[in-house]
Amino acid sequence: MPLSEHEQRMLEQMERALYAEDPKFASALEGSGLRTYTRRRVYQAVAGFLVGIALLMAGMVAKQVWLSVVGFLVMLGCAVLAVTGWRKAPKPGEQPATGAPQARRQGRQKRSMMDRIEQRWQRRRDEQGH
């Protein structure tokens, strides 16, 4: 649910106050931590994938089917983590999806889309003579 105009103004005032009071803390909250977290998650998933390959190969060499199955499952799980982490990672220079500026921008986009829909609806009603 998008924020109301009053809520958006209050959020902007709180953001300005936070930047004025502690700009270092405010800039730390902007999302570089999220980018680092997702990058670290992808690297861990790649390392886990390599461990899974090693387990798979060790199971094949030792003729232990269960070890190969565990290695395959580790590979599969790590591949899923890497792909989901890669998709969620914000691009360089881009605000994260949970950041307030991004949410404010999305609110404006939704509002403008809703405005267009309402205008179209009103035009149709006017054309029909209601």
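Analysis parameters
Residues numbered from 1 in each chain as written. Predicted model: local features only at pLDDT ≥ 70, side-chain atom pairs only at ≥ 80, totals over all residues. Heavy atoms only, no water. Helix = DSSP H or I, 4+ residues; strand = E, 2+ residues; numbered from the N terminus. Buried < 20%, exposed > 50% of the residue type's maximum accessible area, 1.4 Å probe, protein only. Contact = heavy atoms within 4.5 Å. Areas by Shrake-Rupley, 256 points an atom, 1.4 Å probe, with all protein chains shown as cover. Polar contact = N/O pair within 3.5 Å; in protein donor to acceptor, adjacent residues only side chain to side chain. UniProt positions renumbered as here; feature names shortened; annotations may be inferred. pLDDT = per-residue confidence, 0-100. Patch = residues over 30% accessible without salt bridge, like charges linked within 9 Å, V, L, I, M, F, W, Y side chains within 5 Å. Salt bridge = Lys/Arg side-chain N within 4 Å of Asp/Glu carboxyl O. Lys, Arg positive; Asp, Glu negative; His and termini not counted. Charge placed at Lys NZ, Arg CZ, Asp CG, Glu CD.

Caption draft 1: Examining the overall build of the chain more closely. Looking only at helices and strands, one finds five helices and zero strands in the chain. Residues classed as buried in the chain amount to 18% of the 130 residues present. Long-range pairs, those at least 24 residues apart, make up 55% of the contacts in the chain with a sequence separation of at least 6. Carbon and sulfur atoms make up 63% of the accessible area of the chain, which totals about 10,300 Å².

Caption draft 2: Looking closely at the side chain of Ser68. For Ser68, the position within the fold is in helix H4 (residues 65-88). At 3.2 Å, the side chain of Ser68 forms a polar contact with the backbone nitrogen of Met60. Other than its neighbours up to four places away in sequence, Ser68 contacts Leu55, Leu56, Gly59 and Met60.

Caption draft 3: Main features of the UniProt feature "transmembrane region" (unreviewed entry) in the chain. Mapped onto this numbering, the UniProt entry annotates "transmembrane region" (unreviewed entry) at residues 42-60 and 66-86. Summarising residues 42-60: 100% helix, 0% strand, and an end-to-end C-alpha distance of 27 Å.

Caption draft 4: Broad picture of the confidence of the model for the chain. With 68% of its residues at a pLDDT of 70 or more, the chain shows a mean pLDDT of 76. Across the chain, the secondary-structure element scoring lowest on mean pLDDT is helix H2 (residues 23-28), at 68, and the one scoring highest is H4, at 87. Note that pLDDT drops below 50 for residues 96-100; the model gives that stretch nine contacts with residues more than four away or on any other chain.

Caption draft 5: Geometry of a positive patch on the surface. Among the surface-exposed residues, Arg116, Arg120, Arg123 and Arg124 lie close enough to one another that they form a single positively charged patch. Its location among the elements puts Arg116 in helix H5 (residues 100-128).

Caption draft 6: View of unusual backbone geometry. Positive phi is not limited to glycine here, since Lys63 has a value of about 55 degrees. Locating Lys63 in the fold gives a position in the loop between helix H3 (32-61) and H4.

Caption draft 7: Broad picture of the environment of Val83. Mapped onto the elements of the fold, Val83 is located in helix H4. On the accessibility criterion, Val83 (42% relative accessible area) is partly exposed. With 38 residues separating them in the primary sequence, Val83 and Ala45 have C-alpha atoms 9.0 Å apart.

Caption draft 8: A nonpolar patch on the surface, seen in detail. Together, Val46, Phe49, Leu50, Ile53, Met57 and Met60 line one region of the surface with nonpolar side chains, adding up to about 540 Å² of accessible area. Residue position: Phe49 is located in helix H3. We classify Phe49 as partly exposed; its relative accessible area is 30%.

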